[in-house]
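An overview of the molecular structure
In case you want the letters, here they are:
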Amino acid sequence: MLAGIAQFERDLLSERVKSGLAAARARGKKLGRQPGQRPKSDKLAPKVIQAVTDGRSYRWITRDLGINKNTVLEILKRHRKTPYDTIPSSVGFDRKYGS
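This structure is a prediction, so every number in the text was calculated from the model and none was measured.

**A look at the overall build of the chain**
- Secondary structure summary: the chain contains 5 helices and 0 strands in total.
- The order of helices and strands in the chain, counted from the N terminus, is α-α-α-α-α.
- Put simply, the chain has 99 residues, and 21% of those count as buried.
- Total accessible area on the chain stands at roughly 7,900 Å², and carbon and sulfur atoms take up 54% of it.

See the structure below:
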């Protein structure tokens, strides 16, 4: 009996949230996470690029700088002008990640 009431309340709550989000979208409100600053990533970018240029592995870079592998990949993606601009082909970035 109580489970049925709880489910009913949950459905009501879900419906109110969905209608509120729809109303916000209709007013032109942007929803979701807003793009922000990347202070740590931007500060470490020169070190990451230099380490990759020196032939260091992504695992070594992440361990040495204390950042995630995905952060290393994002830094490299942001700082490349052309596919072969700053990353030597011997590193294997182009073969492994298709760019």
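**Some remarks on the pattern of salt bridges**
- As enumerated under the stated definition, the model contains 3 salt bridges in all.
- Linking Asp42 and Arg78 is a salt bridge whose minimum nitrogen-to-oxygen distance equals 3.5 Å. In this pair, Asp42 sits in helix α2 (residues 39-53) while Arg78 sits in helix α4 (residues 69-78), placing the two residues 36 residues apart along the sequence.
- Among the ionic contacts, a cluster of salt bridges with common partners joins Arg38, Asp42 and Arg78.

**Structural notes on helix α3 (residues 58-65)**
- Restricting attention to buried positions, one finds in α3 the residues Tyr58, Ile61 and Thr62. Along the axis of α3, the buried residues cluster in a sector spanning 95°; they form a single face. For α3, exposure combined with an orientation more than 90 degrees from the buried face picks out Arg59 and Arg63.
- Note on α3: the residue one or two positions beyond its end, Gly66, has a positive phi of about 75°.

About the cut-offs
- Residues numbered from 1 in each chain as written.
- Predicted model: local features only at pLDDT ≥ 70, side-chain atom pairs only at ≥ 80, totals over all residues.
- Heavy atoms only, no water.
- Helix = DSSP H or I, 4+ residues; strand = E, 2+ residues; numbered from the N terminus.
- Buried < 20%, exposed > 50% of the residue type's maximum accessible area, 1.4 Å probe, protein only.
- Areas by Shrake-Rupley, 256 points an atom, 1.4 Å probe, with all protein chains shown as cover.
- Salt bridge = Lys/Arg side-chain N within 4 Å of Asp/Glu carboxyl O.
- Arc of directions from axis to C-beta.

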